[in-house]
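Structural overview for review
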Amino acid sequence: MSVHNGSIKIGISACLLGQPVRYNGGHKASELCRDVLSRYFDFVPICPEKAIGLSTPRQPIRLVSHPEGPRAVGTVDLSLDVSESLTNLGKQTAEELDDICGYILMQKSPSCGMERVKVYRDNGQPADPVGRGLFAAALMQARPDLPVEEDGRLNDPVLRENFITRVFVYAEWQKLVKAGMSRHGLIRFHERYKYLLMATARKQYKQLGQLVAQCGVVALSTVAAQYFSQLMAALKQPANRGTHTNVLQHLSGYLKHVLSSEDKQELQELIQQYRKGVVPLVSPLTLLKHHFRRHPDAYIARQAYLQPHPETLGLRNAL
Ligand code: SF4
């Protein structure tokens, strides 16, 4: 059952949801995707190899090097070449699924792999694993702003939190676009992401602010498109303890006139404990939110940083 009010759609390699679509009739069910994330998102499962008409079970395919880029061919029947079909499906999916806000791919696959996919040389030996699955490559080229991750990388708490954050940012932007973009809406959106950007890409926050300021001079649609691409690129940089600590300090500054010296000291100690790795990010954040509930600040209340994704996902417990 979904625990998220809206319905945020995410594309996903079908085998990660437990569908028996792999070449050997098996699956690669991901507990995180199937049992946890599926309660928060509407997954749109696609198996590209099935979708282009290959059967299950089937001979595996693999990437082989080629002057025009790697090709996906059969491992038994070398004349089987599904490169065009996979590439076309990637482009078609990017166009048709225009309402998805992210994509989770199965790693190492010649169709779905996002990075480090083996590409075989003419002598049959694998080259350094530097390829990208052909479906994934076409999808990512057609939708460069879309948050995309591999299931394996989502086991890393930092990358997981970063990906889910980007999905929610993407969804909020889509909502803004749907409601009708305005200069005011863009300025408010940028304000809302100030501290999230400070935690990931402080320099880009300023650059994006300068871009937003061009609204009166340059067409709003042009500024908005550039803004969103740059924002999504900036948010790919994961935040770390140092940058989070910096943001926590800034946020605590809003409370300096309303907290007692004991409360201030307690908050500072907790922030320092987080910086040293003694407690997770959720600890100082919970205390900060507690104080902001007692001493509300309209500007801080709008900040996405305090609640970029549902608390029940517990993503900040592991940071
Ligand atoms: S990795 Fe992609 S192509 Fe392979 S079984 Fe999973 S969904 Fe299908």
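Keep in mind that what you see is a predicted model, and the values were worked out from it rather than measured. (Residues numbered from 1 in each chain as written. Predicted model: local features only at pLDDT ≥ 70, side-chain atom pairs only at ≥ 80, totals over all residues. Heavy atoms only, no water.)

This brings us to the domain arrangement of the protein. Here the protein is partitioned into domain 1 (9–155) and domain 2 (157–319). Each of domain 1 and domain 2 was reduced to a C-alpha centroid, and the two centroids are 32 Å apart. Between domain 1 and domain 2, the contact holds 20 residues from the first and 17 residues from the second. Interface area for domain 1 against domain 2, summed over the two sides, is near 1,600 Å², with a carbon-plus-sulfur share of 69%. In this structure, the connection of domain 1 to domain 2 is made through zero salt bridges. Inspection of the domain 1/domain 2 interface yields four residue pairs in polar contact (both at pLDDT 80 or more). When residues of the side of domain 1 that touches domain 2 are traced back to their parent elements, those giving at least two are α1 (31–36), β5 (100–105) and β7 (148–150). Sort the elements by how many residues they give to the side of domain 1 that touches domain 2 and β5 lands first, with five residues. Of the residues in the side of domain 1 that touches domain 2, the class split is 14 nonpolar, two polar and four charged. (Domains from an automatic or database assignment. Contact = heavy atoms within 4.5 Å. Buried area = accessible area lost by both parts, 1.4 Å probe. Salt bridge = Lys/Arg side-chain N within 4 Å of Asp/Glu carboxyl O. Polar contact = N/O pair within 3.5 Å; in protein donor to acceptor, adjacent residues only side chain to side chain. Helix = DSSP H or I, 4+ residues; strand = E, 2+ residues; numbered from the N terminus. Nonpolar A, V, L, I, M, F, W, Y, C, P; charged D, E, K, R; others polar.)

Time to look at the packing of helix α10 (residues 241–253) against helix α12 (residues 282–294). Where α10 meets α12, the closest approach of the two axes is 11 Å, and the angle between their N-to-C directions is 15 degrees. Here α12 runs roughly parallel to α10, going by the angle between their axes. When the axes of α10 and α12 are compared, the crossing they make is left-handed. In contact with L248, L251 and S252 of α10, α12 contributes P284, L285, L288 and F292. The residue inventory of the contact of α10 with α12, partitioned by class, reads six nonpolar, one polar and no charged. (Axes fitted to C-alpha atoms, helices over the stretch in contact; angles between N-to-C directions. Parallel < 35°, antiparallel > 145°, perpendicular 65-115°, else oblique. Left-handed = near helix turned anticlockwise from the far one by under 90°.)

Here we come to α12. In this model α12 runs 18 Å from its N-terminal to its C-terminal C-alpha over 13 residues, within 8% of the 18 Å that 1.5 Å per residue would give. Elements in contact with the buried residues of α12: α10, α11 (261–275) and α13 (298–301). (Expected span 1.5 Å × (residues − 1).)

Moving on, we come to the nonpolar core. Counting residues in hydrophobic clusters, the biggest one holds 88 residues, and the most contacted among them are F41, Y103, I104, Y227, L231, L251 and Y305. With nine residues, helix α5 (residues 157–179) is the largest single contributor of residues to this core. Here Y305 is in contact with Y195, L196, A199, H244, V247, L248, L251, L281, L285 and R316, once residues within four sequence places are set aside. Of all hydrophobic cores here, the second largest spans nine residues; its members include L54, I61, A72 and V117. (Core = buried A, V, L, I, M, F, W, Y, C linked by side-chain atoms within 4.5 Å. Buried < 20%, exposed > 50% of the residue type's maximum accessible area, 1.4 Å probe, protein only.)

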